[in-house]
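# Residue-level structure breakdown
One letter stands for each residue in the lines below.
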Amino acid sequence: MDKKKQVIMALASVLVLYAVLEALMMVGIVGPYWQEIMRYAMVVTIGALGLSIMYGFTGQFSLGHAAFVGIGAYAAGLFNLTFRHYGILAFLGSLVVGAVVAGVVGYLIGVPILRLKSDYLGIATLGFGFIVTNGLQNSDKLIPALGGARGMTGVPQVQGFGWYYVLVLIAVILARNFIFSTHGRACTAIRENETAADVVGVSPARTKIMAFTIGCALAGLGGALYAHNIPFLHPDSFNFLESINYLIVVVLGGLGSLTGTVITAVGWAFIWEVLRLVLGPLYDFRGVIYAIILIVIIIMRPQGVFGGIEASCLVPQIKRRKTHAAAGD
Amino acid sequence: MISFIQQIVNGLQLGLVYAVIALGYTMVYGIIKLINFAHGDVFMVGAFTGYFGYTLIKLPWPLALVMAMAVCAIVGVLNERIAYRPLRYAAPIAALISAIGASFFLEYFTSLKFVFGPDYIVIHPPVPDITWIIGGVRITIVQVIILGTVVVFLALLQLLIFKTKMGAAMRTVSFNHDAARLMGVDVDKTISFTFAVGSALAGMGGVLFGFAYPELWTFLGIMTGLKAFIAAVLGGIGIIPGAVLGALIMGQVEIMTAAYISSQARDAVAFAILIIVLLIRPSGILGRNELEKI
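## Regarding the overall build of chain A
If you tally the helices and strands in chain A, you get 13 helices and two strands. A globule of 329 residues ought to have a C-alpha radius of gyration of about 20 Å, and chain A, at 20 Å, matches this closely. Overall, the C-alpha framework of chain A stretches about 70 × 50 × 45 Å when taken along its three principal axes. A total of 329 residues make up chain A; the buried ones form 45% of that total. Long-range pairs, those at least 24 residues apart, make up 79% of the contacts in chain A between residues at least 6 apart in sequence.

See the structure below:
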């Protein structure tokens, strides 16, 4: 199929999906409870896209991703709380603030720790995650509005699913454009072999820091949306276990597959609710079943469910050079 | 000054418990380069098994300790068999996710009502309540038991690794699986054995932890396990004396922060020290910096 046609088809199906979901919500088949989970799925998707760029495409292991989601959430929440009279403008502003603050923190922490490799980088980010949660727990001593260990309340909520859906769409397009740009190719080169990439002129330090900053900024954007979906922010919502969840989503989806990240993120957000529906009276077993599902999937597909698979509408067409065509004639 | 020495004693108690858990992390990492996330939960299983050993079955506590170690060894070996072996030659991250799955499994399975249950359990340690005061410093019998047990088992571990055939096999496999196989070492068996030893030590740590900090619940292993793991990394992961050194440092840092800075900041300070040490010595205090061959 022609590339243009493919993209148009993809956009059309995205619109149709949105129309169907909105219609279901209007008729009332999808109630407020499920709507909240749908919005949560969008939050997880954006955060996971950030980790996908950092880890899936650049190979920089992070065990503290939720901390950046948390930084974005608190920054955005504080911004919207302060400027709430401006209504939707404050909401849009807080999205920018969440992403920028998380991105800047990511840059500042990335510069020193990205010198570490693989497991050690994971451990350093894990430590950073703990420091952030610990800091948020005591944040009320500096800024009382952040609430510290009691949690933060009062952030105006935004319940229109459209906002969340559009932002996921934007995040996917941004991530896709980044990955297939020169810089994105540099990231993939670093993931495959840092020394070789260095030899051909790709600066490992610069590329890694760039990918890390972009990933953290996306996490912050996800966090900013989180703050507007759930009226109560607590440091424990962004702890180590939450970071592990993002890692599970990205790895199960398949490292280096945006399609996998998006689908797995949405699926992951729903799995607990689905388990609750399916298990009924055996609800106590949900954790055990979840653990078994995790182990079975990773043993059956160690490269991730969508490892090596990318939706064709996301992959740019390879432009053939004229010389090749001439040689073929 | 006396209160400072008292804090050192308290820190030593915590550090010794971390040390036995950290050993399991470091041995497994040394041999298959896997962060065994389920190790903290094996430690939790040990704490509970020991507790049920000296309450339900009414064993004397040294026997309960041995029982907990045996149960943990079995859990550790089964864990490796089911969750890690199929992924041994896949990408390391796949095994890590499987380890996280195994960790969740142990936590959620043991918190079922017919296993250990979801509630906190308060322990009354099965040892007489004796405290000695030496020059103003209080030393409890629990601290003496912990010190004695840990030192004895560290010595046994040292003997096992450097004086037995199995220990030689473990050291060989940690260098290179293929070379070990060519030398006639049964790699699978050696890895299983390593898991058994590491998990038994974690079980011992669990029982001793129960004596010192007598409150248990099934998610106990997450935080304690993580700190022990951090201790192993601090000392240089894969290096056995490094794990003990890192654990003793972690214990002191935590107790000293709680005593002299703020008890809320104890985790943050411990992790901040970890990051700084990693930046200065990327492979830990006793770790050797391996150069990459191209």
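## Here we look at the overall build of chain B
A count of helical and extended segments in chain B gives eleven helices and four strands. Radius of gyration (C-alpha) of chain B: 19 Å, near the 19 Å computed for a compact globule of 294 residues. Along the three orthogonal principal directions, the C-alpha set of chain B runs to about 60 × 45 × 35 Å. Pairs at least 24 residues apart make up 73% of the contacts formed inside chain B by residues separated by at least 6 positions.

## Observations regarding the interface of chain B and chain A
Contact residues are listed per partner, giving 32 residues for chain B and 30 residues for chain A. Top element by residues in the side of chain B that touches chain A is helix H4 (residues 92-110) of chain B. It accounts for eleven residues. Counted by class, the side of chain B that touches chain A contains 27 nonpolar, three polar and two charged residues.

## Comments concerning the nonpolar core
All names here are of chain B. The biggest cluster of nonpolar side chains holds 195 residues, and the ones touching the most others in it are Tyr18, Ala19, Ala22, Cys72, Ala99, Ala231 and Ala247. Counting residues per element, this core draws most heavily on helix H1 (residues 2-32), at 15 residues. If we skip the residues at most four places from it in the chain, alanine 19 touches Val150, Ala243, Val244, Ala247 and Leu248.

## So, the pairing of strand E3 (residues 137-140) of chain B
All names here are of chain B. Across four bridges, the pairing between strand E2 (residues 131-134) and E3 is antiparallel. Within E3, the position partnered with tryptophan 132 by the bridge is isoleucine 139. The turn linking E2 back onto E3 is made up of two residues, and glycine 135 within it adopts a positive phi angle of 55°.

## Focus: the domain arrangement of chain A
When the domains of chain A are assigned, the result is domain 1 (1-30) and domain 2 (36-243). Taking only C-alpha atoms, the centre of domain 1 of chain A and the centre of domain 2 of chain A are 27 Å apart.

## Considering helix H8 (residues 187-212) of chain B
Relative to the 38 Å expected for 26 residues at 1.5 Å per residue, H8(B) spans 37 Å between its end C-alpha atoms, a close match to the ideal helical length. Burial analysis of H8(B) places 20 of its 26 residues in the buried class, which makes it a mostly covered element.

## Overview of the packing of helix H2 (residues 39-55) of chain B against helix H9 (residues 220-235) of chain B
Residues and elements named next belong to chain B. Remark: H2 packs on H9, axes separated minimally by 7 Å, with the N-to-C direction vectors making an angle of 120°. In terms of their interaxial angle, H2 and H9 are classed as oblique. As H2 runs across H9, the sense of the crossing is right-handed. Between H2 and H9, the residues in contact are His39, Gly40, Asp41, Phe43, Met44 and Ala47 and Leu220, Gly221, Ile222, Thr224, Gly225 and Leu226, respectively. Taken together, the residues of the contact of H2 with H9 break down into six nonpolar, five polar and one charged.

## A word on the environment of A:Met210
For A:Met210, the location among the structural elements is in helix H9 (residues 204-229). Measuring from C-alpha to C-alpha, the distance between A:Met210 and A:His183 comes to 8.7 Å, with 27 residues separating the pair along the chain.

## Focus on unusual backbone geometry
A negative phi angle is the norm for most residues apart from glycine, just as the trans form is the norm for most peptide bonds. Residues and elements named next belong to chain B. With a phi close to 55°, lysine 33 is a non-glycine residue in the positive phi region. Its location among the elements puts lysine 33 in the loop between H1 and H2. A count of 14 C-beta atoms within 10 Å places lysine 33 in the partly exposed class. For lysine 58, which is not glycine, the phi torsion reads 60° and is therefore positive. Position of lysine 58 among the secondary structure elements: in the loop between H2 and helix H3 (61-84).

## Some details on the environment of A:Ala10
Within the fold, A:Ala10 resides in helix H1 (residues 3-27). Considered as a pair, A:Ala10 and A:Ala41 are 31 residues apart in the sequence and their alpha carbons are 20 Å apart.

## Describing the packing of H2(B) against H3(B)
All names here are of chain B. Viewed as axis vectors pointing N to C, H2 and H3 meet at an angle of 145°, and their least axial separation amounts to 8 Å. H3 is crossed by H2, and the crossing has right-handed handedness. In this structure, H2 uses Val42, Val45, Gly46, Thr49, Gly50, Gly53 and Tyr54 to contact H3, whose residues at the interface are Trp61, Ala64, Leu65, Met67, Ala68, Val71, Cys72, Val75 and Gly76. When the residues that make up the contact of H2 with H3 are grouped by side-chain class, the tally is eleven nonpolar, five polar and no charged.

## Details of the environment of A:Ile309
Residue and element names in this part refer to chain A. Its location among the elements puts isoleucine 309 in the loop between helix H12 (286-300) and helix H13 (322-328). A sequence separation of 55 residues divides isoleucine 309 from glycine 254, and the C-alpha atoms of the two residues are 8.2 Å apart. Once residues lying within four places of it in the same chain are set aside, the contact partners of isoleucine 309 are Gly254, Ser257, Thr259 and Gly260.

## Side note on the confidence of the model for chain A
When the pLDDT values of chain A are averaged, the result is 90; 96% of them are 70 or greater. With pLDDT under 50 throughout, residues 325-329 of chain A is counted as low confidence; its partners more than four residues away or in other chains account for one contact.

Thresholds, definitions, all that
Residues numbered from 1 in each chain as written. Chains lettered and ligands numbered in written order. Predicted model: local features only at pLDDT ≥ 70, side-chain atom pairs only at ≥ 80, totals over all residues. Helix = DSSP H or I, 4+ residues; strand = E, 2+ residues; numbered from the N terminus. Rg over C-alpha atoms; globule rule 2.2 N^0.38 Å. Buried ≥ 20, exposed ≤ 12 C-beta atoms within 10 Å, placed from the backbone. Contact = placed C-beta atoms within 7 Å. Nonpolar A, V, L, I, M, F, W, Y, C, P; charged D, E, K, R; others polar. Core = buried A, V, L, I, M, F, W, Y, C linked by C-beta atoms within 7 Å. Pairing = 2+ DSSP bridges. Domains from an automatic or database assignment. Expected span 1.5 Å × (residues − 1). Axes fitted to C-alpha atoms, helices over the stretch in contact; angles between N-to-C directions. Parallel < 35°, antiparallel > 145°, perpendicular 65-115°, else oblique. Left-handed = near helix turned anticlockwise from the far one by under 90°. pLDDT = per-residue confidence, 0-100.

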